[in-house]
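# Observations on chain architecture
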Amino acid sequence: MTTTPTEAADASASMPFLSDFWYAAGWSAEIADKPLARRILDRPIVLYRTASGKAAALDDCCPHRMVALSQGWVEGETLRCGYHGLRFDCAGACVEIPGQALIPPRAKVRAYPVVDRWHLAWIWMGDPAEADPATIPSLPWMDSPEWAFSNGTIVYDCDYVLLLDNLIDLSHTTFVHRQTIGTDDVARTPIKTTAERNRVLVERYMNDTEPSIMYVKAGGFTGKVDRWQRIEYTPPANIVIDAGAVPAGTNDKSRGIDTRVVNIVTPESRARTFHFWAFVRDFKLDDAEMTDYLARALTHTFNEDKVLIDGQQRNVEARPQQRMLDNNADAGVVQVRRIVERLARGG
Ligand code: FES
Ligand SMILES: [Fe+2]
């Protein structure tokens, strides 16, 4: 099949968005009574929390004169536009037009379902009738008393799939993250990749290996360790990394560390991406210094990625005809992209 240069450029410049999914709109703590403007899947959204504590999301455009509703304010269970004062409920219905008794049917705004779960506010970007909270990813460690929690947000100037590529293939940690999680053995240890219809699992087991700098600080290891990484992708853009280590040859979890790195990726636009990350651990649960250290270490780590990926995006945009090269370590990358492409085609 031949394509025109324009078609080829469109095909390689960015990946399609998948709408029929729950995305993290932000951390629940970010959604408050002051309206928050946030672009998600290239749609302007206003997020806010009503007096009763319910998180809500509306199209950020007043149907009256099209001013951003995020410039208004919350009143009880409603949001008032800051221009001429129309007031809307959480379903997007207009409930007041100042100076006018009759509310015409067109006075309404699109509402998006929002659910607070696992410290995150999840927004359904597809047909609201299809929104089923049971399909929000299960992240039980996020608010379990048996796990401690550090978190943060990084915003990348890249297509969201470049960030998925980065998270599913941790071989880069050897070269990019030497101050935290990278060691020589990560890149040279072969991976096992399992692809299912809507799931990709990449596993790497490093036995009798040097612990990374962050693992030494976190786990207090004095010698070599047996270390694992199990990286799981599920659509649209969630990657949970089950990672940890025990002293080499002991198989003793009580002397090791068990962690999950939860990565919830939300496209802001074609070339800007939110990364809501959490690091949960099963050790030193009440150690605030450890929580702080891990938050700093992970922020440093993801910012190292950001520098590379933001530059990668600029290269990809400048060379729309060029195809990337796939190595053995890209097995997970290839499978994730296949799932995104299939779902985007409606398959
Ligand atoms: S633009 Fe919102 S009330 Fe007029
Ligand atoms: Fe990284």
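Cut-offs applied
- Residue positions are counted from 1 within each chain, in the order its sequence is given.
- Chains and ligands are labelled by the order in which they are written, letters from A for the one and numbers from 1 for the other.
- Totals for whole chains, interfaces and linings use every residue, but because this is a predicted model, local features are given only for residues with pLDDT of at least 70 and side-chain atom pairs only at 80 or more, for both listing and counting.
- For side-chain calculations, the full set of non-hydrogen atoms in the structure is used, while hydrogens and water are omitted.
- Secondary structure is summarised from DSSP: a helix means a run of H or I of at least four residues, a strand means a run of E of at least two, and numbering begins at the N terminus for each.
- Using C-alpha atoms as the atom set, the radius of gyration is obtained and then compared with a globule rule of 2.2 Å times the number of residues to the power 0.38.
- Residues count as neighbours in contact if any of their non-hydrogen atoms are within 4.5 Å of one another.
- For the area figures, the Shrake-Rupley method with a 1.4 Å probe applies, and any residue is considered shielded solely by the protein chains shown.
- By definition, two strands form a pair when at least two bridges between them are found by DSSP.
- Donor atoms (N, O, S) are those found within 2.8 Å of the metal centre, with the cutoff raised to 3.2 Å for Na, K and Ca; water is not part of the atom list, so apparent gaps in a site can occur.
- Tetrahedral means four donors with every angle between 85 and 135 degrees, whereas square planar (four donors) and octahedral (six donors) require angles over 155 degrees between opposite donors and between 65 and 115 for all others; sites fitting neither are termed irregular.
- Note on classification: 1.4 Å probe, protein chains only; a residue is buried when its accessible area is under 20% of the maximum for its type, exposed when over 50%, partly exposed between these limits.
- We define a polar contact as two N or O atoms separated by no more than 3.5 Å, with the added condition that, inside protein, one atom must be a possible hydrogen donor and the other a possible acceptor, whereas residues neighbouring each other in sequence contribute only through side-chain atom pairs.
- pLDDT runs from 0 to 100 and stands for how confident the predictor is about each residue.
- Domain start and stop positions are those given by an automatic or database domain assignment.
- Note on definitions: salt bridges are taken to be side-chain nitrogens of Lys or Arg within 4 Å of carboxyl oxygens of Asp or Glu.
- Only Asp, Glu, Lys and Arg are considered charged in this grouping, and only Ala, Val, Leu, Ile, Met, Phe, Trp, Tyr, Cys and Pro are considered nonpolar; every other residue, Gly among them, is considered polar.

## Regarding the overall build of the protein
A tally of regular secondary structure across the protein gives 7 helices and 18 strands. Relative to its length of 347 residues, the protein is compact, with a C-alpha radius of gyration of 22 Å against a globular reference of 20 Å. Considering only intrachain contacts with a sequence separation of at least 6, the fraction spanning at least 24 residues in the protein is 58%. Entry remark: accessible area of the protein is about 16,400 Å², with carbon and sulfur atoms responsible for 51%.

## Describing the sheet that holds strand 6 (residues 78-80)
With antiparallel pairing, the 4 strands of this open sheet are ordered in space as 5-6-7-8. Sheet topology places strand 5 (73-75) and strand 8 (94-96) at the edges, where each strand pairs with a single neighbour. Sheet analysis places strand 5 next to strand 6, joined by 3 bridges and oriented antiparallel. Residue pairing across strands places Trp73 opposite Arg80, the latter belonging to strand 6.

## A word on the coordination of the iron ion (ligand 2)
The protein atoms donating to the iron ion (ligand 2) are His172 (NE2), His177 (NE2), Asp305 (OD) and Asp305 (OD), with metal-donor distances spanning 2.1 to 2.3 Å. Here the iron ion (ligand 2) is ringed by 4 donor atoms whose angles at the metal span 57 to 140°, and the overall shape comes out irregular. Considered as a linear motif, the donors of the iron ion (ligand 2) on their single chain read H-x4-H-x127-D. The exposure class of His172 is buried, given its relative accessible area of 16%.

## A look at helix 2 (residues 160-168)
Helix 2 sits mainly inside the fold: 9 of its 9 residues count as buried. Of all the positions in helix 2, only Tyr160, Val161, Leu162, Leu163, Leu164, Asp165, Asn166, Leu167 and Ile168 are classed as buried. The backbone nitrogen of Val161 lies 2.8 Å from a side-chain oxygen of the residue at the head of helix 2, namely Asp159.

## Re the pairing of strand 4 (residues 55-59)
Of all 5 residues that make up strand 4, 4 are buried, and the element is covered over most of its length. Hairpin remark: strand 3 (residues 43-49) followed by strand 4, antiparallel, with 5 residues in the connecting loop; positive phi at Gly53, about 95°. Across 2 bridges, strand 4 lies against strand 9 (residues 111-112) in antiparallel orientation. Among the inter-strand pairings, Ala57 is bridged to a residue of strand 9, identified as Tyr112.

## Observations regarding the confidence of the model for the protein
Scored by pLDDT, the protein has a mean of 94; 96% of the residues are at 70 or more. Under a pLDDT of 50 for its full length, residues 1-13 has, in the predicted model, 10 contacts with residues more than four places off or in other chains.

## Notes on the domain arrangement of the protein
Here the protein is described as being made up of domain 1 (16-135) and domain 2 (140-344). Inspection of the domain 1/domain 2 interface yields 0 salt bridges. For the pair domain 1 and domain 2, the number of links is 6 residue pairs in polar contact (both at pLDDT 80 or more). Of all the secondary-structure elements, those providing two or more residues to the side of domain 1 that touches domain 2 are strand 1 (22-27), strand 2 (36-40) and strand 11 (120-124). The dominant element in the side of domain 1 that touches domain 2, judged by the number of residues it contributes, is strand 1, at 6 residues. Of the residues belonging to the side of domain 1 that touches domain 2, the class tally is 14 nonpolar, 2 polar and 4 charged.

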